[in-house]
Each structure stands twice: as structure tokens, then as C-alpha cells.
Amino acid sequence: MSPSADFQPKIQVFEPHRASLPPVIPYLKEFWNRRSFAIELSRFADKAEYLESKLGKVWLVLNPLLLAMVYFLLVTVIRGGNTKTNGLTTLAHILIGLFTFYFASNCITAGAQSITTGGRLILNQAFPRALLPFSSSISAFQTFLPTIPVYIFVIIIGKIFFPATQVPRLAISFLWVPLIVALVGITGFGLALLFATMNVYFRDTNKLLSYVMRIWLYLSPILWLPSMLHGWHRIALYANPLGPVLSATSNIWIEGKTPTLSEFIGAFAWAAGSLLIGGYFFVSRERDFAVRI
Amino acid sequence: MPEELAVRIEDLSIKYKINVDTKRTLKNAVMRASKGEKVRMRTVEAIKHLTLDVPHGSVLGIVGANGAGKSTLMRSIAGILPPTEGRIIVNGKISTLLALGVGFNPALSGRDNIILGGLASGLSKDEIEAKTEAIAEFAALPDGFIDMPVRTYSSGMYGRVAFSVAVNMTPDILLLDEALSAGDASFKEKSFQRMRELCSEARTIIIVSHALATINELCDSAIWLHKGSMLAKDKPEAIVDQYLKFLDVGTLPSNFEDM
Ligand SMILES: Nc1ncnc2c1ncn2[C@@H]1O[C@H](COP(=O)(O)OP(=O)(O)OP(=O)(O)O)[C@@H](O)[C@H]1O
Ligand SMILES: [Mg+2]
């Protein structure tokens, strides 16, 4: 019998492996070919999750917004209430910092669970597993996107009440926003790969992660300004995977300035580092996932 | 590998490592490490040194008792489980319908699940959207259930959609694990029809089933798996006979001693 017309010879070989990478180029090709799977999955996952509550999506934006208000009050109280001069600036800094941090944090926490909750999909279909955390990152991005107009809205309202505050209008530096957001996303995705792998082997990684996230928030330049660190203390900023990007974010949105070279270097290094290390861990072990789920 | 082969399995062994101890958590790992204990692992050899060639256009049946390793073998051919030893070479696009059902998300509708499954198996969005209608039609769920969440389905309805997805992907190699068990009589007839169609289109099909009549009717060769080893490969009638005898009397065929 002759093979059917749409038959395209495609030979696959499955062999034993020892924590080594599968051929990288074919893997990336497969990943790219099936990107629409990740996109649809994130869309459907949102649909499934928020089918019952229409408020669900709103809540995701409202949560960091309310949190920002709480932190703002805390910070101004601690400072002793010199809100007249820089109140709105402080609020703006906390707000954009939190929104950005939540983007990364949503990538990581949702992505870390994506494999262990992938269950049957992983047991019954062969596809590059990295598509699952990738799908979580897409969801996180879609949650992040509407927070930008919310931020701008809050600032415009604030400007009406405190016209004296220095918050930049449109500045040329805003052109850097997409790049910085992309770097946050890549860092988040890379770390999600790392923690997703860990979560397969240690099922309480997720619980641990929720504490890590909280501490990480306080260690990040959100409730404090990057400029408060001097000398060797600045290491704390660059040792934090989100330090340079958050510092750059504040620079762009609050100061209206182009991020500094060291911020760029730090942000790029962390993004590339997380993606490479997380990617290596994940992809070299993903063929094990089906056995361990 | 020779042109005419769809699947070649060379000396395949698959082992599962099972952690016998408590849950795998970071906490337990740290506790154990601090006490200097080792993790106790049990190894299950689900497939033992199996060698098998499946030519293009053939329909292979697999029979065997529970836990014989049938599903494990299917998963490894699909590329889901990596071999522990040996090698599997697959020539062609695979579509799977494995035990436990496809990866349907219970909160989503049947239609959404069809789209997701298609995308996961590597179809483009246009391709799967073109197929969705045909798949939904083939499944023929009553009363617009195709647009209801899958969690509201009966297991037969679930099986119908899963089967429709698998056979409508125009695969070169179709893997069916217990796929025909859940449907009612009318759907069974329809699915047999579809399978015969696929056979005549020179697709390669591998069927795992406990319904031995299915194996007899559809397959042109069969193997008997027993505790991870292939006991026999023959015409389906012969295999089914031997297997039935074994189920009755509990004796393995005489040639087992040679293996
Ligand atoms: N995820 C797993 N982890 C550990 N062991 C497993 C796993 N899946 C299967 N096994 C073991 O591998 C062996 C073969 O299982 P498999 O599911 O392949 O059997 P089967 O022939 O499909 O049985 P059935 O007829 O019940 O479907 C069994 O001993 C089983 O206990
Ligand atoms: Mg089985």
C-alpha cells in the first residue's frame, strides 16, 4: 500500500537520556510552531476561571491597586506626613512598581504550578512542556496590560488635586517601556521554568514561593527608592533579579529619564540568565515529568 | 530504518521509579538529609527488552492483563515516556487517544477542548478550526452538549469526543488505548466504520483493548504482552486464542520458556 497523500516523512527517535538537553533547535522550532497553543490555553484558562465571576478579571487589577494605597499610607505615615511635596510622586512610584512586580510574580507563581496541574495533558500528549509556563506568562501579561491605563488614570486624577507635583507628562523615555516590560516578562518566564521544575520534584515549592514573593517585594525598590542606596549597598539592587528593571521602571515613569547603562546591563543580564538557567533545568528534565506527575 | 516501517522498537525497556516514602516535599527532603536518611525508591520494570517492527498501513492489536505494560508502551511510542534503555524510531505524524482520556479541561466546553487538543498536537489554528465542525459532527452529542463544559458530560460522551478528535486528525500513526470501550452500540458501529476507513487509507493503527472481539475484527496482527515482555506475535485469532486459554487455565504458551 502506498502512503497517503498528505504523508510527510518525519522521523522521530526516542532514546534514553540523562539530564541532558534534547536537540535545542528542533525543540525551539516545535515550541514556536505551537505557540498558538499557549496563547489559546491562556485565553481558555482565563475563560474557565472567570466564567462564574465577571469581577474576577477586575479583581486582578484592583488587588495591586488597593495594596498600593495601603503601602502608600504606611510609607507616608512612617515618613511623618510630608505629603505636600512628594506625596503623589511616592504614590506613583509605589503604584507602577507594584504593577510591574505583580506581572513578574504572576508569571512565576502561575507558571510554577502549570506543570503539576497540567496532569492529563502531560500524560497524554507530547509537546514541548515549556509551552505551559509560557502560557501562564501570557496570562500574566494580559493581566498586567490594563494596569497601565489604571496607573495613568490615577496620576491624572492626582495631578488635578496636587497640581504642584512633579510627575512627568509624556516623555521620550516612555519609548523604553516595551523593552523593559519584555525584560520583566522574560525574567519572570525564566524563573517560572526553574520553579516549575522544582515543583515537580518538591510539591511544596509553591507554598515556599508565596513567602519568597512577599519577602522579595520588600527587598525590591518599590516601597523604597533605588536612590536611597549608596555605595556598596547598591549591590542589593543588582543582586535582585527584578532590581534593575524596577529601578529602570521608576526612572522612566517617575523621572521621565532614560534608564542608566548599569540598569540596562543588569536587566539584560538577569533576563538572559534566568531564561538560560531556568530553560536548561526545565528542558533537560521535562521528559521526566510524565513519569513523576 | 527501512522505508516501509512506521514504528521500530529496538530492545526497549522502561522503568518507573516510585518513591515509596512520604510525599515528595522540600520539607521532607531537608528532614531526611538532616537525619542522614536515604530516599527509598522502588523500581517497576513496565517494559522489558521489547523488540518490535510495525509496518506502514498495518493494524496492530495489543492484548495483555492489567499492568502488563500496554499503556506504558503506547505512551513511549507517542514520545511521552522516554525509554530507560533501547530506542524507538517513529516515522510519521502521531495522533493519540490514550487511557485516562485526552487532556480535556473539565471547565471548558467540548468545542474549546477540541481546539486546544488540536493545537497541542501541532495543528495550526486555521487547520483545527476547519476540522472542529467535522469532529463535533462525528461525536454527535445530543442537545448541543458540545458547547457545554466537559464536566457535565457522561463518560460515554467524553469518550465520543475524545475518539472523534483522535481519528479526525489525519494521523499517519494512530494510537488507541481502550478507546472504543465507552461508546454505546451505535457509536461503536460508527467508530468501527471510521477505523476501517482509516485502515484502507493506509494509516498505521495500534489498538489496545480488553474487548478481544475488537482485536479480532480490526487488526491484521497482534501481540500479547505479559509483565512487560512480548510473549507472542501472530495473527490476531491465534493470539486471542492463546490469551483466552491463559485467562482460563493460567498456563503460559509453551514457547514462553525460550524467551
Ligand atoms: N505513573 C506510574 N508510576 C509508576 N508506575 C507505573 C505508572 N504507570 C504504570 N506503572 C506501572 O507499570 C506497569 C504497567 O502499567 P500499564 O499502565 O502500562 O499497564 P496496562 O497494561 O496499560 O494495564 P491496564 O490493562 O490496566 O490498562 C504496572 O505495574 C504499573 O504499576
Ligand atoms: Mg492501560
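No experiment lies behind these values; they were computed from the predicted model shown.

Visitor: Where do I start with the site of ligand 1 in this structure?
Guide: Residue and element names in this part refer to chain B. Within the structure, ligand 1 sits among 13 residues, and Gly67, Lys70, Ser71, Thr72 and His210 are positioned closest to it. Here an oxygen atom of ligand 1 sits 2.9 Å away from a polar atom, N or O, in the main chain of Gly67. Within the contact set of ligand 1, an oxygen atom lies 2.9 Å away from a backbone nitrogen or oxygen of Gly69. Calculation on ligand 1 without its partners gives an accessible area of 640 Å², and the protein chains cover 66% of this total. Those elements that place two or more of their residues in the shell around ligand 1 are β1 (5-19), β2 (41-55) and α2 (70-77). It is α2 that contributes the most residues to the shell around ligand 1, 3 residues altogether. Classifying every residue of the shell around ligand 1 by side-chain character gives 6 nonpolar, 6 polar and 1 charged.

Visitor: In this structure, what is going on with the packing of aromatic side chains? I would like to understand it.
Guide: Two descriptors summarise a pair of aromatic rings, namely the distance from one centre to the other and the angle between the planes of the rings. Taken as a whole and judged by the stated rule, the model has 18 aromatic pairs over all chains. Ring geometry for Phe145 of chain B against Tyr153 of chain B: centres 6.1 Å apart, planes inclined by 85°, an arrangement best described as edge-to-face. Exposure remark for Tyr153 of chain B: the relative accessible area of 11% places this residue in the buried category. A connected cluster of aromatic rings, assembled from ring pairs, spans Phe31, Phe134 and Phe189 of chain A.

Visitor: I'm lost on the pattern of salt bridges in this one. Help?
Guide: Where charged atoms from two side chains of opposite charge come close, those side chains can pair. Applying the stated criterion across every chain, the model contains 13 salt bridges over all chains. In this structure, the salt-bridge partner of Glu133 of chain B is Arg111 of chain B, at a minimum N-O distance of 3.2 Å. Within this pair, whereas Glu133 of chain B is found in helix α4 (residues 125-139), its partner Arg111 of chain B is found in helix α3 (residues 110-120), the two being separated by 22 residues in sequence. It is possible to trace a salt-bridge network through shared partners that takes in Glu15 of chain A together with Glu10 and Arg87 of chain B.

Visitor: Sorry, what's going on with the side chain of Thr25 of chain B here?
Guide: Mapped onto the fold, Thr25 of chain B is located in the loop between β1 and α1 (26-35). Residue classification places Thr25 of chain B among the buried positions, given a relative accessible area of 13%. Excluding residues within four positions of it along the chain, Thr25 of chain B makes contact with Phe202, Arg203 and Asp204 of chain A.

Visitor: Help me understand the sheet that holds strand β1 (residues 11-14) of chain A in this model?
Guide: In sheet architecture, strand pairing relies on hydrogen bonds along the backbone and comes in two forms, parallel and antiparallel. Across the sheet, 4 strands lie side by side as β1(A)-β4(B)-β1(B)-β2(B); this open sheet has antiparallel pairing. The open sheet has two edge strands with one neighbour each: β1 of chain A together with β2 of chain B. Averaged over all pairs of adjacent strands, the angle between strand axes in this sheet comes to 20°, irrespective of strand direction. As defined by bridge partners, β1 of chain A adjoins strand β4 (residues 85-91) of chain B across 4 bridges and the pair is classed as antiparallel. Bridge pairing in β4 of chain B links Ile11 of chain A to Asn91 of chain B.

Visitor: What is the right way to read the nonpolar core from this model?
Guide: Taken as a class, soluble globular proteins show a tendency for nonpolar side chains to be buried jointly. Grouped together as the largest cluster of nonpolar side chains are 74 residues, with contacts concentrated most on Phe37 and Phe282 of chain A together with Ile9, Ile62, Leu73, Ile77 and Val161 of chain B. Every residue in contact with Val161 of chain B, bar those within four places of it in the chain, is listed here: Phe104, Ile114, Ala139, Leu141, Ile146 and Tyr153 of chain B. In terms of nonpolar packing, the next biggest core, distinct from the first, is built from 48 residues, Leu65, Phe101, Val154 and Leu183 of chain A among them.

Visitor: Help me understand the interface of chain B and chain A in this model?
Guide: One frequently used descriptor of interface size is the decrease in accessible area upon assembly of the parts. In this assembly, 53 residues from chain B lie in contact with 44 residues from chain A. When the two sides are added together, the surface that chain B and chain A hide from each other amounts to roughly 4200 Å², 59% of it contributed by carbon and sulfur. In this structure, Glu40 of chain A and Lys125 of chain B form a salt bridge, with 3.2 Å as the shortest nitrogen-oxygen distance. Between the two partners, chain B and chain A, sit 7 residue pairs in polar contact (both at pLDDT 80 or more). In terms of residues, the side of chain B that touches chain A owes the most to one element, β4 of chain B, which gives 7 residues. Grouping the constituent residues of the side of chain B that touches chain A by class yields 26 nonpolar, 16 polar and 11 charged.

Visitor: Explain the confidence of the model for chain B here, please?
Guide: Detail in the predicted coordinates should be disregarded across regions flagged by low pLDDT. Of the residues in chain B, 91% reach a pLDDT of 70 or more, and the chain-wide mean stands at 84. Interface confidence for the predicted complex, given as ipTM, is 0.83, next to a pTM of 0.87.

Visitor: Sorry, what's going on with the packing of α4 of chain B against helix α5 (residues 155-167) of chain B here?
Guide: When two helices pack together, their arrangement is captured by the angle between the axes and the distance separating the axes. Residue and element names in this part refer to chain B. Running from amino to carboxyl end, α4 crosses α5 at an angle of 135°, the nearest separation of the two axes being 8 Å. With respect to each other, α4 and α5 are oriented oblique. For α4 against α5, the interelement crossing comes out right-handed. From α4, Ile135, Phe138 and Ala139 reach across to α5, where they touch Arg160, Val161, Phe163, Ser164, Val165 and Val167.

Visitor: Which parts of the structure should I look at to understand a nonpolar patch on the surface?
Guide: All names here are of chain A. A contiguous nonpolar patch, built from Leu21, Val24, Leu28, Leu276, Ile277, Tyr280 and Phe281 and spanning about 660 Å² of accessible area, is present on the exposed surface. Looking at the nonpolar patch, the elements with two or more residues in it are α1 (24-33) and α12 (261-292). Examining the composition of the nonpolar patch, we find that 4 residues originate from one element, α12, more than from any other. Overall, the relative accessible area of 65% leaves Leu276 in the exposed class.

Reading guide: rules and limits
Residues numbered from 1 in each chain as written. Chains lettered and ligands numbered in written order. Predicted model: local features only at pLDDT ≥ 70, side-chain atom pairs only at ≥ 80, totals over all residues. Heavy atoms only, no water. Near = heavy atom within 4 Å. Polar contact = N/O pair within 3.5 Å; in protein donor to acceptor, adjacent residues only side chain to side chain. Areas by Shrake-Rupley, 256 points an atom, 1.4 Å probe, with all protein chains shown as cover. Helix = DSSP H or I, 4+ residues; strand = E, 2+ residues; numbered from the N terminus. Nonpolar A, V, L, I, M, F, W, Y, C, P; charged D, E, K, R; others polar. Phe/Tyr/Trp six-rings, centres within 6.5 Å; stacked < 30°, edge-to-face > 60°. Buried < 20%, exposed > 50% of the residue type's maximum accessible area, 1.4 Å probe, protein only. Salt bridge = Lys/Arg side-chain N within 4 Å of Asp/Glu carboxyl O. Contact = heavy atoms within 4.5 Å. Pairing = 2+ DSSP bridges. Axes fitted to C-alpha atoms, helices over the stretch in contact; angles between N-to-C directions. Core = buried A, V, L, I, M, F, W, Y, C linked by side-chain atoms within 4.5 Å. Buried area = accessible area lost by both parts, 1.4 Å probe. pLDDT = per-residue confidence, 0-100. Parallel < 35°, antiparallel > 145°, perpendicular 65-115°, else oblique. Left-handed = near helix turned anticlockwise from the far one by under 90°. Patch = residues over 30% accessible without salt bridge, like charges linked within 9 Å, V, L, I, M, F, W, Y side chains within 5 Å.

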